[in-house]
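# Working through the structure, step by step
Listed below, chain by chain, are the residues.
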Amino acid sequence: MALIIDGKKISDTIKQEIKEKTQELINSRGIRPGLAVLLVGEDAASQIYVRSKAKACEDLGFHSLVERMPASASEEEVLALVNRWNNDPSIHGILVQLPLPKQINEVKVLLAISPRKDVDGFHPENLGRLMIGMPGFVSCTPAGIVELLVRSNIELKGKHVVVVGRSNIVGKPVANLLYQKNPRANAIVTICHTAAKDLSYYTKQADILIAAVGVPEVIKSEDVKENVTVIDVGINRIEDPNHPKGSRVVGDVDYHAVFEKAHAITPVPGGVGPMTIAMLMNNTYISAEGSIFNV
Ligand code: NDP
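Sequence order sets the numbering: in each chain, residues are counted from 1 along the sequence as written. Totals for whole chains, interfaces and linings use every residue, but because this is a predicted model, local features are given only for residues with pLDDT of at least 70 and side-chain atom pairs only at 80 or more, for both listing and counting. As a rule here, side-chain values come from all non-hydrogen atoms in the structure, and water together with hydrogens is ignored.

### Description of the site of the ligand
- The immediate surroundings of the ligand are formed by 21 residues, with Arg-166, Ser-167, Thr-194, Ile-235 and Thr-276 found nearest.
- Note that an oxygen atom of the ligand is positioned 2.8 Å from one of the side-chain N or O atoms of Thr-276.
- In this count, Pro and Cys sit with the nonpolar residues alongside Ala, Val, Leu, Ile, Met, Phe, Trp and Tyr, while Asp, Glu, Lys and Arg are called charged and the others, Gly among them, polar. The residue inventory of the shell around the ligand, partitioned by class, reads 10 nonpolar, 10 polar and one charged. Residues are labelled near a given molecule or strand when at least one of their non-hydrogen atoms is within 4 Å of it. Counted as a polar contact is a pair of N or O atoms within 3.5 Å, where, for protein atoms, one must be capable of donating a hydrogen and the other of accepting one, and residues adjacent in sequence contribute only when both atoms are in side chains.

### A short note on helix α6 (residues 140-151)
- Taking 1.5 Å per residue as the helical rise, α6 with its 12 residues ought to reach 16 Å, and the 16 Å between its terminal C-alpha atoms agrees with that figure.
- Burial here depends on accessible area, computed with a 1.4 Å probe over protein chains only, as a share of the maximum for the residue type. Under 20% is buried, over 50% is exposed, and the range in between is partly exposed. Secondary structure elements follow DSSP: runs of H or I of four or more residues count as helices, runs of E of two or more count as strands, with numbering from the N terminus. Along α6, 10 of the 12 residues are buried, which leaves the element largely enclosed by surrounding structure.
- For α6, the full list of buried residues reads Cys-140, Thr-141, Pro-142, Ala-143, Gly-144, Ile-145, Val-146, Glu-147, Leu-148 and Leu-149.
- Those residues of α6 hidden inside the fold are in contact with α1 (7-29), α7 (171-178), β7 (208-211), β8 (229-232) and α10 (273-289).
- Following α6 by one or two positions, Asn-153 adopts a phi angle in the positive range, close to 60°. Here the expected length of a helix is defined as 1.5 Å per residue gap, with one fewer gap than residues. By the convention used here, residues are in contact when the closest approach between their heavy atoms is within 4.5 Å.

### Focus: the environment of Arg-248
- Within the fold, Arg-248 resides in strand β10 (residues 247-250).
- C-alpha separation for the pair Arg-248 and Ile-238, spaced 10 residues apart in sequence, amounts to 5.6 Å.
- There is a polar contact of 2.7 Å between the side chain of Arg-248 and the side chain of Asp-240.

### Here we look at the nonpolar core
- In this text, buried Ala, Val, Leu, Ile, Met, Phe, Trp, Tyr and Cys residues form a nonpolar core when linked through side-chain atoms within 4.5 Å. Of all hydrophobic cores here, the largest spans 52 residues; its most connected members are Ile-145, Ile-210 and Met-281.
- Only α1, β2 (34-40), α2 (44-60), α6, β5 (160-164), α7, β7 and α10 provide two or more residues apiece to this core.
- The leading source of residues in this core is α10, at eight residues.
- For Ile-210, the contacting residues outside a window of four places in its chain are Ile-145, Val-161, Val-162, Val-163, Val-164, Val-174, Leu-178, Ile-231 and Val-233.

### Here's the deal with the environment of Cys-57
- Along the chain, the position of Cys-57 falls in helix α2.
- It is 9.6 Å that separates the C-alpha atoms of Cys-57 and Thr-284, two residues lying 227 residues apart in sequence.
- The contact partners of Cys-57, leaving out residues within four places of it in the chain, are Leu-35, Phe-62, Ser-64 and Met-281.

Structure (structure tokens):
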């Protein structure tokens, strides 16, 4: 029987830890962590994400600020707000919800966020710090994956981790995290992408398989070896006439078939997903606490 890595439970534990540390930070130094979120336009999924981030802030005792701009907002307006938040001492984390409307250059906006408030970990300075093993903000989903592995006592040192997917927000940073020389990593890492002629050749070698592909159930039972640990990052909606909603969410891994062979596996939903917000809160707390950029 595989161990089901319960991301909901682990993320609840992490949020409780942050809540307690936050109270201490408020009591001892009068600092309340503050997260500012900008939502431009009416994208339905973005509105749900922003609401859940604001709710998490409220639950943990953070100061939370949500600004909404119409889809017609200009790049200058967005940059001006980011600049104002960069200089606001009550704001420790800045998040611009993506995607942005076409007239706004996303890269320009992400570069405008101070690396010291870049709690999404998307700024090239933080990505560079990650690559050379310096402290900095690590993007939330990759940080959450490492927490899931460490808190589930999955040994990483010397293990072969195969990451499928090389996006800047999941595949590349998680690979970078896991080959670092420190006790929470030290793995041997392979990254796969669409140029892999025989994906299964690589995935079958994994002691730990991280699937961040965005293709529903693409990893089958025959693609993994016995006793593999599987972290399924995928969130894919597929049609299902038997489901009351007519559709359901699945991961990048054929969960039930792979479960039979695995040592441990994350479900979808309820695996990696809940960790992302917990790590966003953790980054915001770390920013408020203030020692991360001492190096
Ligand atoms: P991207 O689409 O940016 O990247 C997908 C990667 O998978 C690319 O590198 C692509 O290769 C590779 N890929 C696609 N198809 C194949 C294939 N058949 N064989 C090998 N490699 C393939 O996706 P993201 O990284 O942003 O997201 C991946 C999944 O994770 C999505 O389902 C997304 O919804 C989910 N997600 C979940 C989060 C969470 O909180 N749980 C957070 C972020 C994402 P190439 O580079 O060659 O195109």
